Amino acid sequence: MLEVQDVHTHYGHIEALKGVTLEVRRGEIVTIIGANGAGKTTLLMTICGDPRASAGRIRLDGEDITHLPTWEIVRRGVAHAPEGRRIFPRMTVLENLKMGATVNGEQWFEEDVEQVFALFPRLKERLHQRGGTLSGGEQQMLAIGRALMARPRLLLLDEPSLGLAPNLVQQIFRAIVEINRSRGLTILLVEQNAFQALRIAHRGYVLATGEVVLQGTGRELLANPEVRAAYLEGGH
Amino acid sequence: MSTVATVGPRATAGGFDLARALKEAGLAAFVAFVLFVPLAGFKLVGQEGQLALEYRPHWVLIGTAAVFVGHLAINFIRAMRGPSQRARGEAGAMARFFTVHARWFGLAAALLAFLLPFTPLGNRYVVDVATTVLIYVMLGWGLNIVVGLAGLLDLGYVAFYAVGAYSYALFAQWFGLGFWEALPIAGVLAAIAGILLGFPVLRLRGDYLAIVTLGFGEIIRVVLLNWYDVTNGPDGISGIPRPTFFGLEFKRYSPDGMTFSQFFGIEYSSLHRVIFLYYLILILALITNWFVLRIRRLPIGRAWEALREDEIACKALGINPTNTKLTAFALGAMFGGFAGSFFATRQGFISPESFTFIESATILAIVVLGGMGSQIGVALAALVIVVLPELGREFEQFRMLLFGAAMVGIMVWRPRGLLAFREPTVRLHGRGQGEEAPR
């Protein structure tokens, strides 16, 4: 579904991605793990076209999307729940969700809202509350829900566990698995919480200083001694 | 009145700290003293055909003492009223009440406005002032699209007002177009000017955006001032035709057909035109309001608000920020252009003098004082800003002082604007679920 081939990305003179190649197949959860500054977020942003890849190719279902503007890429069915949630703080939960449906002209709005509420019942209780007054976990639910409103083919999640209490992390990850299982939605998940991410992922890539250093199934990576030493030991 | 800065957030929540209050008041008084020495301490007087300086130390002392006592009093009142948090909550509840019932307040206000010329209050002066208020209400609503909804700080809004005014004046002068034919043209030209401004500033934000828009406003004014062959430069354009009522002119006699008074068989009065202009701007303003209220509920309106909140999130949701910003600039400018045309036809004479930065600042002040994004708030603020100086006329030279004090007062007690409660644009399953108090 998504092919990333030898992608390089620069911020000015700094090369943040040094030739990343990866693939996401239909129906999979693929996770990208790595330390701070490894280029995980840059990779997701590059897939979305902002910043542009300075070299390499990105294909979505065979179509070259490397040089499309962000909003065109999103219109082709790539939804992005960005790092730090980035919900609209002064708008209500419902309005935030409506913003997510803008891409498809809001034609399935009522129906999709119900689905989001089925997934995150907490959001239903907060329907007319302003986004900025939600707790961190609720904001993350809203960010995921908002991305789902676009009815994407591919969902990009950037560190959904960031700054959340362990039980909320569990809840979010359960929801991610649920979205993947019940709807067959393909998910590319960027995480620092390697343990949780690898447990739910079909496959994973380990990114270090802008390069893929390891790849394999979730289980393989969990068992890999290098991965254990670098990302798993010492708490999760 | 630079003492505002020190009045700010330091009021204590609990008891009254006299030593600190005295210190702060002393500081404010010192700042005031430094300002008052040159501003009020000297006066130029003519003595035997020559200019001489008159020293007025008492004025400096009175002013400084007033600031000292006033500052102390404000701090004292705040301490007595308890935590400022609660005060803000009450204000919020009131603002919320206003906004939630905005429809009724709006209808009542519109009804009052429609009846105004026929009430005992409706003399020529009042209708004239009300017309000015409505021009600013319309400009405020137009700018509200750009600043309040899309969050793009525009310090050069007067440019579009000028484009609208000059469009009508020039089309009337060169091609003999009447107000009604020129109005859409003026709107379109202003919208184009809005897009022209929009392109270079697409990537700018905050302070940088404000500076460029400020420059744009000045560029338009300087062009109008110096392009003598077309705009008649500083002399301005006079003899701009007045609007007609479906072709009927507001004159005693007209060489080309019936006049308004002849058609309706009433005695000619110069008041007819004043009242007609008043209704004209009232209707234009109401159309603006209706348009903004509608568009807030459409995807484009929501996209503006989302863009104000978080541009990166907008991109991630497939919104094209370029188009969204440009439509905000274009539509905001269009209403500025309409208001400009009206201004030209009302005054009958325009010159670059009418389109200085102070106008932009006034319109922006109306939007900010009203509470960014609030339609009723903008109308209230326009009323305050236009009518306050009028009420103060009896106080002559103290008029602007009163005006300034009122502005400071609003900013102290209503730091987020008169009505800063934002009404949600989408509802599901009726009202009442999970609502929360406004901030």
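Cut-off values and rules
- Counting restarts for each chain: residues are numbered from 1 in the order of the written sequence.
- Ligands are numbered from 1 and chains lettered from A, in the order in which they are written.
- A pLDDT threshold of at least 70 governs which residues receive local features in this predicted model, and a stricter bar of 80 or more applies before side-chain atom pairs are shown or counted, although totals over entire chains, interfaces and linings include all residues.
- Calculation of side-chain values draws on the structure's entire complement of heavy atoms; hydrogens and water are dropped beforehand.
- Starting at the N terminus, helices and strands are each numbered in turn, a helix being any DSSP run of H or I of at least four residues and a strand any DSSP run of E of at least two.
- Throughout, the radius of gyration refers to the C-alpha atoms, and the reference size of a globule is 2.2 Å times the residue count to the power 0.38.
- Relative accessibility decides the category of a residue: with a 1.4 Å probe and only protein chains considered, values under 20% of the type maximum give buried, values over 50% give exposed, and everything between is partly exposed.
- Any two residues having at least one pair of non-hydrogen atoms within 4.5 Å are treated as being in contact.
- Computed by Shrake-Rupley with a 1.4 Å probe, the accessible areas treat only the displayed protein chains as cover when residues are assessed.
- Asp and Glu are treated as the negative residues and Lys and Arg as the positive ones, with His and the ends of the chain left uncounted.
- Charge positions come from single atoms, namely NZ of Lys, CZ of Arg, CG of Asp or CD of Glu.
- Note: buried area is the sum, over both parts, of the accessible area (probe 1.4 Å) each one loses when the two are combined.
- Here a salt bridge means any side-chain nitrogen of Lys or Arg lying within 4 Å of a carboxyl oxygen belonging to Asp or Glu.
- N or O atoms closer than or at 3.5 Å make up a polar contact, with two conditions inside protein: a donor-capable atom paired with an acceptor-capable one, and, for residues adjacent in sequence, both atoms drawn from side chains.
- The classification used treats Ala, Val, Leu, Ile, Met, Phe, Trp, Tyr, Cys and Pro as nonpolar, Asp, Glu, Lys and Arg as charged, and all other residues, Gly among them, as polar.
- One requirement defines pairing of two strands: DSSP has to find at least two bridges between them.
- Only the stretch in contact is used when fitting a helix axis, every axis being a line fitted to C-alpha atoms; angles between N-to-C directions are given from 0 to 180 degrees.
- For every domain, the bounds stem from an assignment made automatically or drawn from a database.
- Patch members must show over 30% relative accessible area and no salt bridge, and they are joined within 9 Å when carrying like charges or within 5 Å when they are nonpolar side chains of Val, Leu, Ile, Met, Phe, Trp or Tyr.
- How far a helix is expected to stretch is found by multiplying one less than its residue total by 1.5 Å.
- By nonpolar core we mean a set of buried residues, namely Ala, Val, Leu, Ile, Met, Phe, Trp, Tyr and Cys, connected to one another through side-chain atoms within 4.5 Å.

Chemist: Could you give an account of the overall build of chain A, naming the residues involved and the relevant values?
Modeler: Across its full length, chain A holds 10 helices and 10 strands. Against the compact-globule benchmark of 18 Å for 236 residues, chain A has a radius of gyration of 17 Å, which places it among compact chains. Taken over the C-alpha atoms alone, chain A extends approximately 45 × 40 × 30 Å along its principal axes. Relative to its 236 residues, chain A shows a buried fraction of 58%. Across chain A, every contact between residues at least 6 apart in sequence was considered, and the portion connecting residues at least 24 apart equals 66%. By element, 47% of the accessible surface of chain A is carried by carbon and sulfur atoms, the whole surface being about 9,400 Å². Across chain A, 27 positive and 27 negative side-chain charges occur, with their mean positions spaced 3 Å apart.

Chemist: Residues and numbers for the interface of chain B and chain A, please.
Modeler: How big an interface is tends to be stated in terms of the accessible area lost upon association of its parts. Residue-level contacts link 32 residues of chain B with 34 residues of chain A. Here chain B meets chain A over a buried area of about 3,100 Å², counting both sides, of which 58% is carbon and sulfur. Put simply, chain B and chain A have 4 salt bridges between them. Of the charged contacts in the structure, one is a salt bridge between D310 of chain B and R86 of chain A, with a shortest N-O distance of 3.0 Å. Between the two partners, chain B and chain A, sit 5 residue pairs in polar contact (both at pLDDT 80 or more). Those elements that place two or more of their residues in the side of chain B that touches chain A are α13 (299–309) and α14 (311–316) of chain B. By residue class, the composition of the side of chain B that touches chain A is 14 nonpolar, 7 polar and 11 charged.

Chemist: Describe the sheet that holds strand β7 (residues 154–158) of chain A, naming the residues involved and giving the relevant values.
Modeler: Two modes of strand pairing occur in sheets, parallel and antiparallel, and in both the strands are linked by backbone hydrogen bonds. Residue and element names in this part refer to chain A. Pairing in this open sheet of 6 strands is mixed, and the strands run β6-β7-β8-β3-β9-β10 from one edge to the other. Of all the strands in the sheet, the pair left with one neighbour each is β6 (78–81) and β10 (211–217). Taken over all neighbouring pairs, the strand axes of this sheet differ in orientation by 15° on average, direction set aside. Taken together, the 5 bridges between strand β3 (residues 29–34) and strand β8 (residues 186–191) define a ladder with parallel strand orientation. Within the sheet, the bridge partner assigned to I29 lies in β8 and is I187. Where helix α7 (residues 166–183) meets the sheet, its contacts fall on β3, β7 and β8, and the angle it forms with β8 comes to roughly 155°.

Chemist: Tell me about the domain arrangement of chain B, and please be specific about residues and values.
Modeler: Each assigned domain of chain B is listed with its residue range as follows: domain 1 (18–82) and domain 2 (101–426). Centre-to-centre separation of domain 1 of chain B and domain 2 of chain B, based on C-alpha positions: 37 Å.

Chemist: Any details on a nonpolar patch on the surface? Residues and values, ideally.
Modeler: Nonpolar side chains collect at one region of the surface, where W59, I62, F395, F398, L401 and L402 of chain B lie side by side and expose about 580 Å² of accessible area between them. Take F395 of chain B: it is sitting in the loop between α17 (375–391) and α18 (399–413).

Chemist: Tell me about the environment of G194 of chain B, and name the residues and values.
Modeler: Residues and elements named next belong to chain B. Within the secondary structure, G194 sits in helix α8 (residues 179–201). By relative accessible area, G194 is classed as buried at 0%. The sequence separation of G194 and G337 amounts to 143 residues, and the corresponding C-alpha distance is 9.9 Å. Leaving out residues up to four positions away in the same chain, G194 has contacts with F160, F329 and A333.

Chemist: I'd like a rundown of the side chain of T64 of chain B, residues and numbers included.
Modeler: Residue and element names in this part refer to chain B. By the element assignment, T64 lies in helix α3 (residues 57–81). On the accessibility criterion, T64 (13% relative accessible area) is buried. Of the polar contacts made by the side chain of T64, one reaches the backbone oxygen of V60; its length is 2.7 Å. Apart from residues no more than four positions distant in its own chain, T64 is found in contact with A29, F33 and F36.

Chemist: Tell me about α7 of chain A, and please be specific about residues and values.
Modeler: All names here are of chain A. Counted at 1.5 Å a residue, the expected span for α7 with its 18 residues is 26 Å, and the 26 Å between its end C-alpha atoms agrees. Every buried residue belonging to α7 is among L168, V169, I172, F173, A175, I176, V177, I179 and N180, and all of these are buried. Close packing links the buried residues of α7 with β3, α4 (109–119), α6 (136–148), β7, β8 and α8 (194–200). Positive phi appears at G184, one or two residues downstream of α7, with a value of about 70°.

Chemist: Please provide a residue-by-residue account of the sheet that holds strand β2 (residues 14–24) of chain A, values included.
Modeler: All names here are of chain A. Judged by pairing direction, the sheet is antiparallel, and its 4 strands sit side by side in the order β2-β1-β4-β5 without closing on themselves. If you trace the sheet from one side to the other, it starts and ends with β2 and β5 (63–64), each paired once. Here strand β4 (residues 55–60) pairs with β5 via 2 bridges, running antiparallel. What sits directly across from L60, in β5, is E63. Packing against the sheet, helix α1 (residues 40–47) makes contact with β1 (2–11), β2 and β4, and its axis sits at approximately 110° to β1.

Chemist: Would you mind going over the nonpolar core in detail, with residue names and values included?
Modeler: Of all hydrophobic cores here, the largest spans 91 residues; its most connected members are Y278, I350 and F355 of chain B. Among the elements that take part in this core, helix α6 (residues 124–149) of chain B stands out by supplying 16 residues, more than any other. With 51 residues, the next largest nonpolar core counts I33, L134, L148 and L189 of chain A among its residues.

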